Number of protein chains: 2
Amino acid sequence: MVPVSEGSLIPDGITIPSRRVAELLEEFSAFGARPDGGITRLAASKEDGLARDRLAELLREAGANVFVDPVGNQFGMFNLCDKGRATTEPIMMGSHLDSQPNGGRIDGTLGVVSALVVARILMSDRQRGHRFERDFCVVNWTNEEGARFRPSLIGSGYAAGRLTADEALSVRDDDGISLDEALIAIGYRGHAEVPRPAAYVEIHAEQGRRLENAGRSIAIVTHNWGAAKFEITALGEQAHTGPTPMDDRRDALLAASHVVVGLRQIANRWPGVVHTSVGRQLVSPNSANVVPDRVTFSAEIRSDDKAVLAEAEREAQRVLKEAEAATGVRLRVDQRSVRAGRPMPAEMIDRLEAASRRAGHEPLRMGTVAGHDAIGLLGYCPTGLVFVPSVEGIAHNAAEATSVEDMDAGLAVLAEAAFDLCGSAAERDPPNRPEGSCAE
Amino acid sequence: MVPVSEGSLIPDGITIPSRRVAELLEEFSAFGARPDGGITRLAASKEDGLARDRLAELLREAGANVFVDPVGNQFGMFNLCDKGRATTEPIMMGSHLDSQPNGGRIDGTLGVVSALVVARILMSDRQRGHRFERDFCVVNWTNEEGARFRPSLIGSGYAAGRLTADEALSVRDDDGISLDEALIAIGYRGHAEVPRPAAYVEIHAEQGRRLENAGRSIAIVTHNWGAAKFEITALGEQAHTGPTPMDDRRDALLAASHVVVGLRQIANRWPGVVHTSVGRQLVSPNSANVVPDRVTFSAEIRSDDKAVLAEAEREAQRVLKEAEAATGVRLRVDQRSVRAGRPMPAEMIDRLEAASRRAGHEPLRMGTVAGHDAIGLLGYCPTGLVFVPSVEGIAHNAAEATSVEDMDAGLAVLAEAAFDLCGSAAERDPPNRPEGSCAE
């Protein structure tokens, strides 16, 4: 049991269980487990389906009404209000169960299982007769990672209205399987509407070293870095690697390699301010004796500084032009998607900071370089994002870890936030966006 | 019918059919056909199995005894001698039916079907009562290309004793399937011994522009370029492409890209003398949001100049070291295989030149940059290699082409060479290596 600090909104007699989040993470790490301790649980894969099935079971056991929307987002709605019916605008918490290939066990799973434990805590209070102003909803968003299907943040992007269901369902993985087909195959192509939340809160590992370096357990995210992401195809000409004269070659892999090296040089120009990468590259026909005629690759540039991001993107255009000139290969930008750097809502930051202090953890404030569903929902509903430490800053790696103590700290903060945001019909003011509350 | 020049060894009444080689190429291009006119007929694939089945049928129809050795090399032995039994050292002609992914229809198929037509011509003379000093054998070597299975030249390498059957059969494709398993799946894991040839002659498209530029139809290959080939693994660390600080990253794809660019610069230092390439690259985990921890790639350096090749290889070592230093990634050379530049046997060059002149084609002499089975068999038996033009020098590409006239010219040269090398029991001296001849 996690000790409750002074000023806590957690009612007397309600316990915040210790180690429970870690135990659930351990259980879910079996779905897509790899020998090295990592997991490969790509969106809408068989392993993802098994993890979803287990989540649905746990949500129902905890008292939720479980349903799925057209793009596979999975919801567990907990009725906390007096009138015995769901509000239209619950407080929502969660994250995503999909992982990167050979990813870690923490990542999105932490946010989903932490939300589940918060729901159990709220329901235990409900069962004691307490009535809330808002219902509570646990969510597992589809394809946050953007590993199997691109773009990332598909589920929360659909909820926020950035993608239609048709757009989301028609994206295809590298084997040509659509998200629609993949969701049908695992039984998660639903029909429910997304319950529009009064507020959404997510807990996630930091994926960096700042909390660890500062010796803190909690950070409240204030904003996100901007990111420009590109899908690029290098179009060369297939030829024999032996006799074909070097001057006759139009080597798509050489062109792509120039871009990989050039993008890194852009990051070097603005140390700590610009991050660049190429993480995915498909070579065709990919035979030792054949000059590649086609390379598709995913490149990205991120920065916390809007003007620098724009200048870095212009530099990237120069890199592409120079690579084309050096190789005779055409570099076609098939897709450019931009995630603007934006602030999180000030009121949510303040409430989460207060929740963290009530839970006994003086929080840091920081931006997030990575995208998260809480970022994807910005502008759709008030969102908040809480970070706990990543051991050695490791992320998207089998060695990803967060200490049990930090998980418990994060759970305590979420529980404080949940009691605040769900409110009490008798004692507290309703939060923002009160329309649709069952507590009018 | 191709006209026969003065001094021809083709007996009166024996015709060299025109267009027949082109027709057979057309027929075989159906096995693994692609919509763009290219073929994908990887070694020991289902498509390769179907092509082999058809070849076996055609060989049997032409009167051959057809058999397969442990690594899938396919032989059609034609009895041309008096005594009604096979010699132990036949004259052998052929090439390979496997192709590159989206490769062309000419490549190895030309040599196999040309050898088949030569066999038919020899057998028509045999049926008229002519007796030869040597039998004739058509061969289809396994995995010449090195596309599905590496190294290349596996079948001829096994025949020449460079690889044991166990070594050859244990190589695996990128899906982990062994050559052994693949051959069993298509029914071409045989048990016969390789018939040791008295001489081996192969016809192949030049895969360059020299014949076309010179307006000639035939070249006799005098030697091969040296080649050093490497399988390299870049060993980095999987991380998040977003928050992971650039200085903390050990990006395997960045290291591999430095090598791709650096190898090209080595070729630029010796224009026309050094060819370099990276044709194959596998990225892991290959997700847009993950810094790759592992890239395996196939690199090669070729040169006609032994000293330059050695210096270029030292330069490549420097490129690897610099890439390691720039990226913090380890570059592990998993395999280095060297094909030395070697001369073809002078007597074979002379005999093939004479055959070309008898067929009415003044030949060029040239080296080959690419490896061929005739190169792989050097030192095992006397080998000869005949080139016909490649339209625009295109190779390993769906647009690969050789004119019907040039195919017919090549057939006529092969037929002249076959009548020379198989000899006549009554009229001519036996060729070299007479042991095992049935004509003692």
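For clarity, every value in this text was computed on a predicted model and none was experimentally measured.

Trainee: Got a minute to help me understand the interface of chain A and chain B in this structure?
Mentor: Where the parts come together, the accessible area they lose is often given as the size of the interface. The interface is formed by 50 residues belonging to chain A together with 51 residues belonging to chain B. Taken together, the elements giving at least two residues each to the side of chain A that touches chain B come down to strand S8 (239-240), helix H8 (252-269), strand S9 (274-284), strand S10 (290-291) and strand S11 (294-303) of chain A. Per element, the largest residue contribution to the side of chain A that touches chain B is eight residues, and it comes from H8(A). Of the residues belonging to the side of chain A that touches chain B, the class tally is 20 nonpolar, 24 polar and six charged.

Trainee: Before we go on, may I ask you to explain the packing of helix H3 (residues 107-127) of chain A against helix H12 (residues 404-422) of chain A in this structure?
Mentor: Two quantities define a packed helix pair, namely the angle between the helix axes and the distance between the axes. Residues and elements named next belong to chain A. Relative to each other, H3 and H12 sit at 55°, their axes nearing to 9 Å. In terms of orientation, H3 and H12 fall into the oblique class. The crossing of H3 and H12 is right-handed. Listed contacts from H12 to Leu110, Ser114, Val117, Val118, Ile121 and Leu122 of H3 are Met407, Gly410, Leu411, Leu414, Ala415, Ala418 and Cys422. Taken together, the residues that form the contact of H3 with H12 break down as 11 nonpolar, two polar and no charged.

Trainee: Explain the relation of the copies chain A and chain B to me, please; I cannot follow it from the model alone.
Mentor: For the pair of chain copies, the relating transformation is a rotation about an axis with a translation along it. By a simple turn and slide, chain A fits onto chain B: the slide is 0.0 Å along the axis, the RMSD is 0.1 Å, and the turn is 179°. Here the copies are linked by what is in effect a two-fold axis. The rotation axis passes nearest to the C-alpha of A:Ser257 in chain A, at a distance of 2.2 Å. Most of the interface of chain A is mirrored in chain B: 100% of its interface residues are interface residues there too.

Trainee: Mind showing me how you'd approach the domain arrangement of chain A here?
Mentor: All names here are of chain A. Examined at the domain level, chain A breaks down into domain 1 (20-225 + 341-422) and domain 2 (226-339). On a C-alpha basis, the centroid separation for the pair domain 1 and domain 2 is 33 Å. The partner domain 2 presents 10 residues to the seven residues of domain 1 that form the contact. Residues of the side of domain 1 that touches domain 2, tallied by class, amount to three nonpolar, three polar and one charged.

Trainee: Just to check I follow, could you spell out helix H2 (residues 46-61) of chain B for this structure?
Mentor: Within an α-helix, residues lying three or four positions from one another point in the same direction, as the helix has 3.6 residues per turn. All names here are of chain B. Relative to the 22 Å expected for 16 residues at 1.5 Å per residue, H2 spans 23 Å between its end C-alpha atoms, a close match to the ideal helical length. At its buried positions, H2 is contacted by helix H1 (20-28), strand S1 (65-68), strand S2 (74-78), helix H3 (107-127), strand S4 (136-140) and helix H6 (179-186). Following H2 by one or two positions, Gly63 adopts a phi angle in the positive range, close to 105°.

Cut-offs applied
- Residues numbered from 1 in each chain as written.
- Chains lettered and ligands numbered in written order.
- Predicted model: local features only at pLDDT ≥ 70, side-chain atom pairs only at ≥ 80, totals over all residues.
- Contact = placed C-beta atoms within 7 Å.
- Helix = DSSP H or I, 4+ residues; strand = E, 2+ residues; numbered from the N terminus.
- Nonpolar A, V, L, I, M, F, W, Y, C, P; charged D, E, K, R; others polar.
- Axes fitted to C-alpha atoms, helices over the stretch in contact; angles between N-to-C directions.
- Parallel < 35°, antiparallel > 145°, perpendicular 65-115°, else oblique.
- Left-handed = near helix turned anticlockwise from the far one by under 90°.
- Least-squares fit on C-alpha atoms with pLDDT ≥ 70 in both.
- Domains from an automatic or database assignment.
- Expected span 1.5 Å × (residues − 1).

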